[in-house]
Every structure is written in structure tokens, then in C-alpha cells.
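One-letter residues, chain by chain:
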Amino acid sequence: MAVLQMQRISICALKKNRKQILETLQRRGVVEITDISPQDSVFTKADTSQAKAQFEKNAATASQALEVLDTYEPLKTSMLDMFAGQALLSVEDYEAFSKERDEVMRIANLLVSLNKKVAENKAEILKLQAQLDALTPWLGLDLSLRFTGTRTTAAFIGSLPDEQTLEAVYTQLAEHAPEVSAVNVDLISQSKEQTCVMVVCPRADAPAVEEALRAMGFVRPASPAKEPPAERKVMLEQSQAEAEKAVAAAEEEIRGLAGMRDSLRFMVDYFSTRSEKYDAIGRLAQSRCTFLLSGYIPQRDCAALEAELGGKFDISIEFETPSEEDDAPTLLKNNYMAQTVEGILESYSLPGKGEIDPTPIMAVFYYFLFGLMLSDFAYGAMLAIATGVLLVKFKNMDAGLRNTMRMFCYCGISTAIWGIVFSSYFGDVVTVVSRTFFGHEVIIPPLWFTPLDDPMRMLVFCMAVGIIHLFTGLGIQLYQHLKAKRYMDALAKVVFWYMLVGGGILFGLSTEMVISILQLKFMLPAQVGSIFGWVAVIGAIGIVLTNGDSKNPLVRFAQGLYELYNVTGYLGDILSYSRLLALGLATGVIGSVINQMGSMAGGGVIGAILFIVVFLFGHSLNLGINLLGAYVHCNRLQYVEFFGKFYEGGGRKFQPFAPHTKYYKFKEDIHNG
């Protein structure tokens, strides 16, 4: 339940043992390796970029090959498979996969090549089809489109815009070339877009005819073939058939390699792990016979790692406490329940230097507030059961996802408890169903009260919870100041604020106006209220006098007044907890409306069918929307109101040298080259 103490680790060992030592460190995953800048000419840093790049390339090739298999021979999966996590791999399986490395990479390259072949041939098919489409209008011509005439005649083969008749073509030729009398026009084909023609004339009249055709919008075929169109069509169709056959053969060969999927997955992890190891090698300082390694390690793991390495190798290991200048990483250790919300904290920021880990305290409030916002027994039970079943069924679930599922399981339990407290079971479904279908009304009484019947009482309770939440945050700040022996800060930034805000609240509870607004059934005695009123005044004066840091008294007084102005922020923070009321009421009101809509058809078979349809759709939607709302607003109350009172963050996450694999987890020690 704290931020683990980090130690700086320095290792000096023989270079011949470098591979085994790095493998041990990678398997243990407890050391974050940092760069070393050699201070002596004896030590240098190895350039591992080329080897690293090759490993990354191999991993990328294997990953690309997997994508090819998934495209042509997809693996049948269900939505639940996302919870399965990584498969476990034994030492024997690891060694077996490793021995097949060269063959598997050959298959990977083959799959990539086959996929490229498929893509190229499909592109060729499209190209050939485009040529066939362009050739269709000319199939009635028994000459090559390249034909330009004989020794005494000139031929013009091409197209004119729009659909034109033979008479119209002759008329236009006569208009544009009246001096030409001997000309023959053959219509090859007609469509709305173009008219394909062959025009023949004496060679002496060719320039005039060509000029006339150009004026008419005549266009010659692009890239005409030497063969006649019908013959060319046969050739193109043969080429297209060959390309389709090549595509089918390549796809069939790809499907035949589907059994290599597991091996390819292993190669992705294998080469990724090797790339990480060579990245670590590049961070070391090395001489001809030795190497130096530096990094950070949790203090709890120092003794075990030293004993393991010292028992196997000739090695020198030193541990020291990081200085204030060192950029030591942050690693949290919490109990089973608090650990689940570490991801929520990390999304905001990890604790900075000197800060405590707020996760255990945050976890208590998180589950409490989440359940209060959703507050329906059925919704909570469904959430807890669904996540609980997933946790039991999928033992190898990713650690981060497992923590999230456990968090929502606890949130579901809290929601169910609050649902019993407020008597909410799918809203008021018990009452509606009993009244509509059984003729008498059954009401399950709440353990405390029903928020829909007494919203003001719920609002007061929510603000009381908010005050406790905020004061807890101030208490953590007080603890941090006292621990660091900043006693004046503790007085100025915490104690006086406790006096002002707490005294002001208790003074208000002694006045009839506040009691009337909040509809409370009790009121503090006037004498008690007077005492706390003076406590609040003393707190305000203390804030003004102690929160300035200027040497100028007037400026310091102004700074204190500005700090006192932040009391409005406390008022806003307390009021922001009204979102607990809003979300809690929204869940119940929407649920009740859904139940009323479902019961509109009354009893009977039709009424039952309508109720079931509306019930399933409506409550699924209500659960989804309010579950998201509870998650978002619960996070906001932690990040803004709670953390704003004591937490700065800024810590850097601990990133140990470990196998970061995608598909497999190793059950025992492994040895990779």
C-alpha cells in the first residue's frame, strides 16, 4: 500500500557471461536498465542498431504473414476471445519453436510473397478488364486499330463524340472539307457517349480529311494493338484467365499454410524479445573483457537478484539509494482490492517524489461513489456476475484487463448494495409487474429511504459524502506536510482551511435558514454554532496572514486575501457532489419510465410480450448509459475534487527490462540467443 522504494543498481561482470546475465534479468523483469556514458576510454558502447533493425524486420515480416493468413484463412473467434489473454508456453515448446526459426521465417517470407503475387495479379486482372472494355466497341472491325491505309488510300480509325448517324458524319465532313469528294465512312459501333468510325479517302485528300475530323472531335484509340480487335480480345481473355488462375493458386497455397499460425505468432514474440535484449546491450558500457550495467530496481527484489546472479556468475553488484537529482521511476504495491484502481491513478499521473500512494484511500471512495451513482441491485448484480464469470473462465487474461474486470466486479457489488439500501431493482419493476400482471401491488421496502420520494434528503447525504471526501484529501495533505516537517505549511494550507470550512459548515447547521433549506430534522444549539463561527473566523484570519510569501506586508496581505477567495472553490467542490444525486436519480427515473412504457398494453399475452421487449431493450440501454456516466463522473470526482486537495503527481512509470510479448507467456525460464 505504498510507493516502493527504488534502488540504483550497478553491475560489473565478465563479458563472456553477458548473454546469460541479460537473459536472467529479462526473465526476472525487475530491473530498468538506463544508458551509461563511459567515462573511461577503456569502455565503449556497442552499436546494436543493425542487429536490432534486423530483429524488428523479422518480427514485422512474421506479423505481416499473420495478417495474410487472417485475411485468407481467418480464425474463428468470438467476442469473449478478447479476454483469453496470452497462451502459456513451456520450455519444451519454446525450444521446439526456436529450432524451426529459419523454416518459419521462410514460410513467413513466402506468405508475404504470395500475398504480393495475389495483389499484383488482381491489379493485372483489373487492367486487362479495362482493356477488354475499351476494345468492345471495336469488335466489329476486322482490321488492326493501327491500320492507316494503303499506298493510294488513307484510313482514319477513331471515335467521334456522342451518338451520330452515318448521314450526320457525311454532312459534317462535307461542311468541313467541301473540296473532298471521294470519302468512305464505316460505322463500327454507336453509343450515347461515342460513335466509332473508320474513314477512308484518297491519300492526296488525307490532310483535308484529317483536319475536318479534328474539327469534329475525332479521337484515335489509345495504345492500339497490332492484332484485330476480335483476335486481341481472345489474347486478353487468355491473359485474364491465367491471372485468375495464378490468384486462385496463390490463395490456395496461402490457405494450405494456415497450420503455421502458432509458429508465426511465436516468431513475432521471439524476435521482439531479441530486439529488446539487443537494445539493452546497446545501453551497456563494455571493455574487451567486462561490461557495466546501471539501472533501477525495487528494494524488495535486491537481495533475491543478488543471490541468484552471485550464485551463477563472477559478478560485482552494488545498490545505492537514488539521490534527489536521479530520475527514479515509480512502482506501486497495493493489496488485492486497491490494486484494481491503479490504472485509474496512472491515467491521471503516478505519485511524484515525496508523495504517498493515494490508491488505497481512493479505492474505498471509488467503489462507494460508483455504487451510489448507479445504485440498482439488478444492474450491480449483472455487472458483478458478468465480470466474475469472465475472471473465473479466463485465467490467462492480460493483467491490465484483469484489474479492470476486478474493478468493475467490485463496483457491481457496491451498486447492488446501494440498490438494496434504496430499494431499486430494475427501477420499480417488482411493483409494476405485480400490479400489471398479478392484480396486486408488491413493494420491496428500502433499508434506508427511496431517493425518488425524498430527493432533498439524498442531496444532503451526497454533499455530506463530498465533505468527507474533500476533508480526507486535506488530511492526506496534512500528513505529507508533517512527514516532511513542513509544519508551517501544515498550519497555513490545511489546519486553517479545516477551521474555516468545517467551522462554517457547523455554524450553518445552527441557523434556521440552512436547516430549512436542507430540510434537516436537527439543529445545533446556537451556543455551539457561535463557537464554530468564531473558529471559522480564526481560520479565515489565519489563511490571510500565513499564505503570503512576499516581503512587502501589503503584498503579502493581498496574497492572503486571494488565497481566502479560494473558499468559493470549496463551495463549488461540495456542490459538485450533487452529481451523485443526479446520476442516482437518473438511473431510477429512467428505469421506472421503461417499466411504465412496457406495461402500457396491460396484462395478457400481448402485454407480456410488449413488456419483455421494452424491458430488455430499455434496461440494456439504461445500464450502458448510466454505467458509462458513473465511470466518467466517478473519475472526475477523484481527479478534480479529491486529488486537487493534495496530489500533484508527475512520477515516471517503472519500465523493467522484461519480455514484452504479444501472443505467449513463458511458464518457466527460457534461453534465447
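Notes on the structure in this doc start here. (Residues numbered from 1 in each chain as written. Predicted model: local features only at pLDDT ≥ 70, side-chain atom pairs only at ≥ 80, totals over all residues. Heavy atoms only, no water.)

### Here we look at the layout of surface pockets
- Taken as a whole, the second largest pocket holds about 940 Å³ of empty space.
- For the second largest pocket, the lining is made up of 29 residues, of which Met463, Ile505, Leu509, Val514 and Leu518 are closest to its centre.
- Taken together, the elements giving at least two residues each to the lining of the second largest pocket come down to helix H15 (455–483), helix H16 (487–508), helix H17 (512–518) and helix H20 (567–576).
- Residue contributions to the lining of the second largest pocket peak at seven residues, all from H15. (1 Å grid on protein atoms, 1.4 Å probe; cavity = no way out; pocket = protein on both sides within 12 Å on 5 of 7 lines; lining within 4 Å. Points joined across faces, edges and corners; volume = space filled by probe spheres on them. Helix = DSSP H or I, 4+ residues; strand = E, 2+ residues; numbered from the N terminus.)

### Brief notes about the packing of helix H1 (residues 18–28) against helix H8 (residues 261–281)
- Between H1 and H8, whose axes approach to 11 Å, the crossing angle comes to 115°. In this structure, H1 meets H8 at a crossing whose hand is right-handed. Facing Arg18, Lys19, Leu22, Glu23 and Gln26 of H1, the residues of H8 in contact are Thr273, Glu276, Lys277 and Ile281.
- In the contact of H1 with H8, the residues fall into two nonpolar, two polar and five charged. (Axes fitted to C-alpha atoms, helices over the stretch in contact; angles between N-to-C directions. Left-handed = near helix turned anticlockwise from the far one by under 90°. Contact = heavy atoms within 4.5 Å. Nonpolar A, V, L, I, M, F, W, Y, C, P; charged D, E, K, R; others polar.)

### Quick word on the packing of aromatic side chains
- Counting across every chain of the model gives 39 aromatic pairs.
- Measuring from centroid to centroid gives 6.4 Å for Tyr366 and Phe370, while their planes differ by 25°, and the two rings are stacked. Remark: Phe370 and Tyr366 occur in helix H11 (residues 359–374); sequence separation between them is four residues, near one turn of the helix.
- A relative accessible area of 0% places Tyr366 in the buried class. (Phe/Tyr/Trp six-rings, centres within 6.5 Å; stacked < 30°, edge-to-face > 60°. Buried < 20%, exposed > 50% of the residue type's maximum accessible area, 1.4 Å probe, protein only.)

### Focus on the pattern of salt bridges
- For the structure shown, the criterion picks out 25 salt bridges.
- The salt bridge involving Lys233 is made with Glu237; its shortest N-O contact spans 4.0 Å. Placement of the pair is Lys233 and Glu237 together in helix H7 (residues 229–256), with a separation of four residues, close to one helical turn.
- Under the relative-accessibility criterion, Lys233 is labelled partly exposed at 30%. (Salt bridge = Lys/Arg side-chain N within 4 Å of Asp/Glu carboxyl O.)

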